[in-house]
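For reference, the chains in residue letters:
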Amino acid sequence: MLPFARVSIIGLGLIGSSIARAVRQYMPTVRLTGHDADAGVREIARRIDLLDDVADHAGAAVTDADLVILCVPVGAMGAVAAEIAADLPADAIVSDVGSCKASVAQALSAVLPAARVVPAHPVAGTEQSGPEAGFATLFRRRWCIVTPLPDSDEAATIRVEDFWRRLGADVERMAPDHHDLVLAVTSHLPHLIAYTIVGTADDLQQVTQSEVIKFSAGGFRDFTRIAASDPVMWRDVFLSNKDAVLEMLQRFSEDLSQLQRAIRWGDGDALHDRFARTRAIRRSIVDQGQDDAAADFGRRHD
Ligand code: NAP
């Protein structure tokens, strides 16, 4: 039996539209409704037939739902939860896909009954945004981290986990704080570093003119993909996961200083040891199926 029969998606961008497409593909009998604050996005959603019904107001999109998934930027979660609270059926479960979990858990449980709130984070995405950027297979063989609150109903949590498995994801449960610490290292800090490097190179470009772009295949190009990610989404991530990101940034700065010292003093062994360790990490990511082994991220060279 399917875990849910009537799913409502609020926020129809990359993640919301990917969920809609995946539900259509893997659970075609589910009735899909949804809403986006942006009238242009609603218009596109109707044109591409993303859902069975696109509502002009968030409340109208949830009146009949047994699962509501909030797919808006992390900073907007609390406001959207408040907007739907009065129209939510008594037995509906509310989940979300936000990239930070402690702040979202707090925002949702402030306005909704905690037993019916089951936050989650599919660790899958691209640097693109909007309803046309989504695709049905985005979550396949990617992790979805489910972070129930102490008061979340266990049966509701199991249904949300079942939902994500049916979309192709591998599911793991975590406490919201622990999620935020892990993701600060694996996702938030790398984005901050990419935003910094690309910004620094852009400043430098005033001096070197087009050389930064011309020779970007030397490594810079891979940072530019991450640094092209949605500015609103990432602004909210850093403001919401402030403590964990600052803690990881402190450790990163200390490690960077050590490498700086090794370069200054010609300590080749220290550099070689560090680079050998990091190469092994890349190998284990590929071995665990989280990336492709193809050279240069599978780019064509013909
Ligand atoms: P997106 O493509 O920009 O889509 C977000 C959509 O939500 C936009 O259409 C936006 O409208 C709409 N929206 C904003 N505030 C709203 C509100 N108050 N009510 C209704 N709709 C509203 O972003 P996304 O990449 O799908 O990200 C959505 C969520 O997924 C975020 O919480 C993010 O942290 C999480 N997430 C993202 C990724 C990723 O790689 N992108 C991965 C995992 C999780 P506008 O046109 O006004 O912006």
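All of these numbers come straight from a predicted model, not from anything done at the bench. Throughout, residues of each chain are indexed from 1 in the direction in which the sequence is written. Whole-chain, interface and lining totals are the exception, using all residues; otherwise, since this is a predicted model, local features are given only for residues with pLDDT of at least 70 and side-chain atom pairs are given and counted only at 80 or more. Side-chain figures throughout are based on the complete set of non-hydrogen atoms in the structure, without hydrogens or water.

K.L.:
Can you walk me through the packing of helix H11 (residues 242-264) against helix H12 (residues 268-287) in this structure?
P.N.:
Two quantities define a packed helix pair, namely the angle between the helix axes and the distance between the axes. H12 packs onto H11 with a crossing angle of 140° between their chain directions and a minimal axis gap of 8 Å. Compared by their axis directions, H11 and H12 come out oblique. Our pair here, H11 against H12, has a crossing hand that is left-handed. Only Ala270, Leu271 and Arg274 of H12 make contact with H11, whose side of the interface consists of Asp255, Gln258, Leu259, Ala262 and Ile263. Its residues placed into classes, the contact of H11 with H12 shows five nonpolar, one polar and two charged. Interaxial angles span 0 to 180 degrees and are taken between N-to-C directions of axes, which are lines fitted to C-alpha atoms, for helices over the stretch in contact. Under the scheme used here, helices are H or I runs from DSSP no shorter than 4 residues and strands are E runs no shorter than 2 residues, and both carry numbers assigned from the N terminus. Our angle categories are set so that under 35 degrees counts as roughly parallel, over 145 as roughly antiparallel, 65 to 115 as roughly perpendicular, and the remainder as oblique. In this scheme, a crossing is called left-handed if the near helix is turned counterclockwise away from the far one by less than a right angle; it is called right-handed if the turn is clockwise. Contact definition: two residues touch when any of their heavy atoms are within 4.5 Å. Any residue outside Ala, Val, Leu, Ile, Met, Phe, Trp, Tyr, Cys, Pro, Asp, Glu, Lys and Arg is labelled polar, Gly included; the first ten of those are nonpolar and the last four are charged.

K.L.:
Explain helix H2 (residues 39-47) here, please?
P.N.:
Buried, partly exposed and exposed residues are distinguished by accessible area as a fraction of the type maximum, computed with a 1.4 Å probe on protein chains only: under 20%, between the cut-offs, and over 50%, respectively. Val41, Arg42 and Ala45 are the residues of H2 that are buried. Down the axis of H2, the buried side of the element spans an arc of 100°, and every buried residue falls inside it. Turned more than 90 degrees from where H2 packs its buried face, Glu43 and Arg47 sit exposed. In this fold, the buried residues of H2 make contact with strand E2 (31-35) and strand E3 (53-54). Just beyond H2, the residue with positive phi is Asp49, at close to 55°. The directions from the helix axis to the C-beta atoms are what the arc is built from.

K.L.:
Looking at this structure, how should I read the sheet that holds strand E5 (residues 93-96)?
P.N.:
Hydrogen bonds along the backbone pair up the strands of a sheet, which may run parallel or antiparallel. With parallel pairing, the five strands of this open sheet are ordered in space as E3-E2-E1-E4-E5. A strand with exactly one partner marks an edge of an open sheet, and here the two such strands are E3 and E5. Strands in contact with helix H4 (residues 77-84) are strand E1 (6-10), strand E4 (67-70) and E5; relative to E4, the strand with the most contacts, it is inclined by about 150°. Paired strands, as defined in this entry, are two strands with at least two bridges between them according to DSSP.

K.L.:
Can you walk me through the state of the cysteines in this structure?
P.N.:
By definition, a disulfide is the covalent link that joins the sulfur atoms of two cysteine residues. By convention in this document, the label disulfide applies to cysteine sulfur atom pairs within 2.5 Å. Counted according to the given criterion, the structure contains zero disulfides. Cys71 takes part in no disulfide bond, and the closest cysteine sulfur, belonging to Cys144, lies 11 Å away. The exposure class of Cys71 is buried, given its relative accessible area of 12%. For Cys144, a relative accessible area of 0% translates into the label buried.

K.L.:
Would you mind showing me how to read the packing of aromatic side chains here?
P.N.:
Any two aromatic rings considered together are summarised by their centre-to-centre distance and by the angle between their planes. Stacked, tilted and edge-to-face pairs are distinguished by plane angle, under 30 degrees for stacked and over 60 for edge-to-face with tilted covering the rest, among Phe, Tyr and Trp rings (Trp via its six-membered ring) whose centres lie within 6.5 Å. Tallied over the full model, the rule gives four aromatic pairs. Here the aromatic rings of Phe139 and Trp164 are separated by 5.0 Å at their centres, their planes lie at 85°, and the arrangement is edge-to-face. Of this pair, Phe139 sits in the loop between strand E6 (120-122) and strand E7 (143-146) while Trp164 sits in helix H6 (residues 154-166), and the two are 25 residues apart along the sequence. The burial state of Phe139 is the same as that of Trp164; both residues are buried. For the ring pair Trp234 and Phe238, a centre distance of 5.8 Å and an interplane angle of 45° mean the geometry is tilted. Of this pair, Trp234 and Phe238 are both found in helix H10 (residues 231-240), four residues apart, which corresponds to roughly one turn of the helix. With a relative accessible area of 17%, Phe238 lands in the buried category. Pairwise contacts between aromatic rings join Phe4, Phe139, Phe163 and Trp164 into one cluster.

K.L.:
I keep staring at the domain arrangement of the protein chain and nothing clicks. Help me out?
P.N.:
Often the size quoted for an interface is simply the accessible area lost on bringing the parts together. Domain annotation of the protein chain identifies domain 1 (6-174) and domain 2 (178-290). What marks off one domain from the next here is an automatic or database domain assignment. The C-alpha-based centres of domain 1 and domain 2 are spaced at 30 Å. Facing 18 residues of domain 1, the contacting portion of domain 2 comprises 18 residues. Joining two parts hides part of their accessible area as seen by a 1.4 Å probe, and the buried area is that hidden amount summed over both. Buried area between domain 1 and domain 2, summed over both chains or domains, comes out near 1,500 Å², and the portion from carbon and sulfur atoms is 57%. One side-chain nitrogen of Lys or Arg within 4 Å of one carboxyl oxygen of Asp or Glu is enough to make a salt bridge. For Arg225, the salt bridge is made with Glu127, and the minimal N-O distance between the two is 3.1 Å. Polar contact is defined as a pair of N or O atoms within 3.5 Å, subject to the rule that within protein one atom must be able to donate a hydrogen and the other to accept it, and that residues adjacent in sequence are counted only when both atoms are side-chain atoms. In this structure, the connection of domain 1 to domain 2 is made through seven residue pairs in polar contact (both at pLDDT 80 or more). Taken together, the elements giving at least two residues each to the side of domain 1 that touches domain 2 come down to helix H5 (102-111) and E7.

K.L.:
Is there a simple way to explain the nonpolar core in this structure?
P.N.:
The tendency in soluble globular proteins is for nonpolar side chains to be buried side by side. Each nonpolar core is a collection of buried residues, namely Ala, Val, Leu, Ile, Met, Phe, Trp, Tyr and Cys, held together in the definition by side-chain atoms within 4.5 Å. The biggest cluster of nonpolar side chains holds 38 residues, and the ones touching the most others in it are Val7, Ile9, Ile19, Phe139, Phe163, Trp164 and Leu167. Broken down by element, this core gets its largest block of residues, six residues, from helix H1 (residues 14-26). Val7 has contacts with Val30, Arg31, Leu32, Thr33, Asp66, Leu67, Ile69 and Phe163, leaving out every residue within four places of it along the chain. One finds Val68, Ala81, Leu108 and Ala184 within the second-largest nonpolar core, a separate group that totals 33 residues.

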